[in-house]
Amino acid sequence: MGKRLTRGFFSRSVHEVAPDLIGAVLLVNGVGGRLVEVEAYHHTDPAAHSFIGPTERNAVMFGPPGYAYVYRSYGIHWCMNLVCEPAGSASAVLIRAIEPTEGLAVMRRRRGVADERLLCSGPGRVCEALGVTRAHNGLALTAPPFAIFARKGDEEVIAGPRIGITKAMEKPWRYGLKGSRFLSKPFAPGATIVGKMPSRAR
DNA sequence: TGCCCGATTAACT
DNA sequence: GTTAATCGGGCAA
């Protein structure tokens with residue numbers, strides 16, 4: 001396990017934090033695994049919830065970095081974001097897929113499926129498997145029940161268009177671990193290789 | 001107050 | 001490939 005990430009890690013542009021999160025380990029009450037797919041949402045980005053300005057739902061995005069922004073999706077699922085940058089900038093990283101490594105039995109029970117590849121491959125599935133709900137909205141990522149650890153070695157990170165949005169679809173702000181079996185969707189062949197990102201903990 | 005629609009998923013045909 | 005499920009946010013009225 002790499003070094004525990006502290007608030008400083010998130011006090012950077014969402015475009016730096018998002019690729020750096022690939023390969024990091026996210027645990028909620030000890031359950032979780034390696035981040036293999038995330039998306040960046042910048043406050044100047046029409047696809048971001050914060051683009052319209054502060055509201056009750058997106059308030060956490062306008063707060064300090066290093067906190068969880070959890071929202072209800074399609075009235076059914078929860079989706080989890082990690083707030084970045086200095087307070088007020090309202091940018092966040094959406095967790096889209098995890099390679100499950102810790103608490104497999106718990107995740108299988110919560111999800112009602114046995115296949116590892118279906119446990120955390122999608123933002124709604126991640127929250128169901130890790131037990132993340134509205135109760136986690138606004139909680140610090142650097143304290144229980146959360147724990148995040150930097151990746152240890154270099155990882156080959158690729159980028160491509162984000163999924164499921166209807167605005168700013170041209171922005172290549174979806175990041176993934178190249179070749180992972182646990183992505184919610186494969187990246188297009190020839191997707192941009194961001195490069196071997198060094199492990200980094202700040 | 002009412003209406004439309006979404007950073008989704010699973011179960012259909 | 002298509003669609004139902006399900007609900008709260010955001011905006012028009």
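Scroll up to find the structure.
A brief look at the structure comes next. (Residues numbered from 1 in each chain as written. Chains lettered and ligands numbered in written order. Predicted model: local features only at pLDDT ≥ 70, side-chain atom pairs only at ≥ 80, totals over all residues. Heavy atoms only, no water.)

**Digging into the pattern of salt bridges**
Piece 1. Scanning the entire structure with this criterion turns up ten salt bridges.
Piece 2. Two residues, Asp20 and Arg12, come together in a salt bridge whose shortest N-O distance is 2.9 Å. As far as the burial class goes, Asp20 and Arg12 line up, both buried.
Piece 3. Between Arg162 and Asp45 there is a salt bridge whose closest N-O contact spans 2.5 Å. With Arg162 in the loop between β7 (155-160) and β8 (174-177) and Asp45 in the loop between β2 (31-41) and β3 (68-73), this pair connects stretches of sequence that are 117 residues apart.
Piece 4. Judged by its relative accessible area of 6%, Arg162 falls in the buried class.
Piece 5. When its relative accessible area of 2% is taken as the criterion, Asp45 is described as buried.
Piece 6. A single network of salt bridges, built from pairs that share partners, joins Arg12, Glu16, Asp20 and Arg151. (Salt bridge = Lys/Arg side-chain N within 4 Å of Asp/Glu carboxyl O. Buried < 20%, exposed > 50% of the residue type's maximum accessible area, 1.4 Å probe, protein only. Helix = DSSP H or I, 4+ residues; strand = E, 2+ residues; numbered from the N terminus.)

**Considerations on the protein's contact with DNA strand C**
Piece 1. Around DNA strand C, the neighbouring residues are Ile52, Thr55, Arg57, Tyr74, Gly75 and Ile76.
Piece 2. The contact atoms of DNA strand C, taken as those within 4 Å of the protein, divide so that sugar and phosphate hold 62%.
Piece 3. When its residues are assigned to classes, the surface near DNA strand C shows three nonpolar, two polar and one charged. (Near = heavy atom within 4 Å. Nonpolar A, V, L, I, M, F, W, Y, C, P; charged D, E, K, R; others polar.)

**Considering the layout of surface pockets**
Piece 1. Of the volumes computed, that of the largest pocket is approximately 770 Å³.
Piece 2. Lining the largest pocket we find 32 residues, and of these Tyr71, Ser73, Tyr74, Cys79 and Gly164 sit closest to its centre.
Piece 3. Taken together, the elements giving at least two residues each to the lining of the largest pocket come down to β2, β3, β4 (77-84), β5 (91-102) and α4 (123-130).
Piece 4. Taken together, the residues of the lining of the largest pocket break down into 16 nonpolar, eight polar and eight charged. (1 Å grid on protein atoms, 1.4 Å probe; cavity = no way out; pocket = protein on both sides within 12 Å on 5 of 7 lines; lining within 4 Å. Points joined across faces, edges and corners; volume = space filled by probe spheres on them.)

**Some remarks on the environment of Pro123**
Piece 1. Along the polypeptide, Pro123 turns up in helix α4.
Piece 2. The spatial distance from the C-alpha of Pro123 to the C-alpha of Ile98 is 9.1 Å, given a sequence separation of 25 residues.
Piece 3. Sequence-distant contacts of Pro123, that is, excluding residues within four places in its chain, are made with Trp78, Cys79, Leu94, Ile95 and Arg96. (Contact = heavy atoms within 4.5 Å.)

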